[in-house]
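Structural description and commentary
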Amino acid sequence: MQLRYNYRVTPAPGQRLALARAFGCARVVFNDGLRARQEAHAQGLPYIKDTDLQKQVITAAKRTEERAWLGEVSSVVLVQSLRDLHTAYRNFFSSVTGKRKGPKVAPPRLKSKRDNRQSIRLTANGFSLRPDGRLYVAKVGDLEVNWSRPLPAAPTSVTVTMDAAGRYWAGFVVGTEPQILPEADTETGIDLGLTHFAVLSDGRKIESPRFLRRAEKKLKRLQKALSRCEKGSKNRAKARKKVARQHARVADRRRDWHHKESTKIIRETQAVYVEDLAVSGLGRTRLAKSVHDAGWSAFLTMLEYKAAKHGRYFGRTGRFEPTSQVCSTCGVKDGPKPLTVREWICGGCATVHDRDVNAARNILAAGRADRLNACGAKVRPGLVPAQRDEAGTHRDGHSTVVGIPVLQGREDVNVSTAPTT
């Protein structure tokens, strides 16, 4: 599997100018290629092939007076920038034709020198690692790298990035073998939330650190100072960088905390089941700031790739499963409940449930059933009432049982419907 390792880079003043030149040339080549294809499409001409476009915007452009300065940077940077354009077009076409699942992908857009993030990518022909630990970049020089940990193998490519805070990073793509951990005898379901960041099916609750909320006071002061500065002035550029640095600190703390918590969960459990949340939709509600502050998507992404890396199982349950409405003990559905209700009593078995713990247990049971059904294993039906209606709705005030599996003794997975193959 391929992983990316990021390290902080400290370029000298002259190297900063060389990197800025490389960022600009890569951006110009990308925009020239995009503009050429847009003009060809507007004139009804066929789609320009990748090799023909490279000859037009790189090879031929270097011989002209207007683009002669493209020869001041490594040709690897220019070729990789054009490959990014090819990838963007392919993703767009795959999204339009339905081959690519998920949200629709927009067509490529022109890049700007005012973008918050500038980057270049180099393959093995454009960089090398020196014996003294420095990173050599073609036509830039030897960059000082802050090695926080050694690379597990020789990198195949490197991406040099400058973020909005003016920091430089080197991201190495490394092919590694899975590091299988000793098999554990526990499985867990995770219910993500805002009151608690995560609630596990065994009853453990992980408090939400709320990094953005804790930094709001300082951010408010810095943003006020930024708004008072005249647009286009040097003081405004300095104030903008201060705001970006504060946001970068918040993001770094959140990312570090996500890594620690996800690693801990993966090491302790053999299988992890989570709910497939519509984070993009929740990010447009009145809870948007809290949702973005929690960073659920980044946390689930870490869980998924770390599970693959260490030989664990990671599964997602359907987002429409009524995990907060169903009793995890008897399987009776008591109906929807407002967010203010944190505890409730089951109408079928009179069990007192913590809302989040009950949801986590339902996620665990649903994830186990999906995993067994996907593997072709036989799942024994449980002794629970059958559904009253195919939609699981209420009739005459009676509770119904939905198709969430019921966990009994944490050993058998019981379902109320026949398994699918």
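Before any of the text, the structure's been laid out above.
As a starting point, this report considers the structure included with it. (Residues numbered from 1 in each chain as written. Predicted model: local features only at pLDDT ≥ 70, side-chain atom pairs only at ≥ 80, totals over all residues. Heavy atoms only, no water.)

Structural notes on the layout of surface pockets
Definition in use: Residues are said to line a cavity or pocket when one of their atoms sits within 4 Å of a point; the points come from a 1 Å grid over protein atoms alone, cavities being sets where a 1.4 Å probe fits but cannot get out and pockets being open sets with protein on both sides within 12 Å along at least five of seven lines. Grid points are joined across faces, edges and corners, and a volume is the space filled by probe spheres set on the points. Working definition: helices are DSSP H or I runs of at least four residues, strands are E runs of at least two. Numbering for both runs from the N terminus. Charged means Asp, Glu, Lys or Arg here, nonpolar means Ala, Val, Leu, Ile, Met, Phe, Trp, Tyr, Cys or Pro, and polar covers whatever is left, Gly included.
For the largest pocket, the calculated volume is near 1,500 Å³. Taken together, 38 residues make up the lining of the largest pocket; nearest its centre are Arg 4, Asn 6, Arg 149, Arg 255 and His 259. Breaking the lining of the largest pocket down by element, the ones donating at least two residues are strand S1 (2-10), strand S6 (155-162), strand S7 (168-175), helix H6 (234-268) and helix H9 (296-309). Looking at the lining of the largest pocket residue by residue, the classes come out as 14 nonpolar, 11 polar and 13 charged.

With respect to unusual backbone geometry
Condition: In this scheme, a residue with accessible area under 20% of its type's maximum is buried, one over 50% is exposed, and one in between is partly exposed, where area comes from a 1.4 Å probe on protein chains only.
The residue Lys 139 is not glycine, and still its phi comes out positive at about 60°. One non-glycine residue with positive phi stands out, namely Ala 350, at about 65°. In this structure, Ala 350 sits in the loop between strand S14 (343-345) and strand S15 (352-354). Classification of Ala 350 by relative accessible area gives exposed; the value is 53%.

A look at helix H2 (residues 50-59)
Think of an α-helix as 3.6 residues a turn; residues three or four steps apart then line up on the same face. Our working definition: Note: the arc covers the axis-to-C-beta directions of the helix. In this description, contact between two residues means that some pair of their heavy atoms is separated by no more than 4.5 Å.
Within the sequence span of H2, burial applies to Leu 53, Val 57 and Ile 58. The arc that holds every buried residue of H2, seen down its axis, measures 95°, which confines them to one face. Residues of H2 that are exposed and angled more than 90 degrees away from the buried face: Thr 51 and Lys 55. For H2, the secondary structure elements touched by its buried residues are helix H1 (13-42) and helix H3 (75-97).

Observations concerning the side chain of Arg 254
Checked against the element boundaries, Arg 254 lands in helix H6. The exposure class of Arg 254 is buried, given its relative accessible area of 15%. Those residues in contact with Arg 254 that lie beyond four places of it in its chain are Phe 211, Leu 212, His 292, Asp 293, Ala 294 and Gly 295.

A closer look at the sheet that holds S7
Defined as follows: For two strands to be treated as a pair, DSSP must find no fewer than two bridges joining them. The axes used here are C-alpha line fits, helices contributing only the stretch in contact, and every angle between their N-to-C directions lies in the interval 0 to 180 degrees.
What the 7 strands build is an open sheet, ordered S2-S6-S7-S1-S5-S4-S3; its pairing is antiparallel. What marks the edges here is a single partner per strand, and that holds for strand S2 (118-123) and strand S3 (127-129). Neighbouring strand axes in the sheet, compared pairwise and without regard to direction, differ in orientation by 30° on average. Two elements, S1 and strand S5 (residues 141-146), share 3 bridges in a ladder whose sense is antiparallel. From the neighbouring strand, Val 9 faces S5, where its bridge partner is Val 145. Contacts from H1 reach S2, S5, S6 and S7, with the element oriented near 85° to S2.

Concerning the packing of aromatic side chains
Short version of the rule: Stacked, tilted and edge-to-face are the three classes assigned to paired rings of Phe, Tyr and Trp, where Trp is represented by its six-membered ring and a pair needs centres within 6.5 Å; plane angles under 30 degrees give stacked, over 60 edge-to-face, the rest tilted. As a reminder, the over-ring test applies to NZ of lysine and CZ of arginine, requiring each to be within 6 Å of the ring centre and within 35 degrees of the ring normal.
Enumeration over the complete set of coordinates arrives at 11 aromatic pairs. Measuring from centroid to centroid gives 5.7 Å for Phe 92 and Phe 93, while their planes differ by 45°, and the two rings are tilted. On the numbers, 5.8 Å between centres and 55° between planes, the contact of Tyr 273 with Tyr 313 is tilted. Taken together, the positions of Tyr 273 in strand S11 (residues 271-275) and Tyr 313 in strand S12 (residues 313-317) put the pair 40 residues apart, joining distant regions of the chain. Judged by its relative accessible area of 1%, Tyr 273 is buried. Using a relative accessible area of 28% as the deciding quantity, one classes Tyr 313 as partly exposed. Taken together through their ring pairs, the aromatic side chains of Tyr 47, Tyr 89, Phe 92 and Phe 93 make up a single cluster. Geometry around Trp 344 places Lys 337 over its ring, the cationic atom sitting 4.1 Å from the centre.

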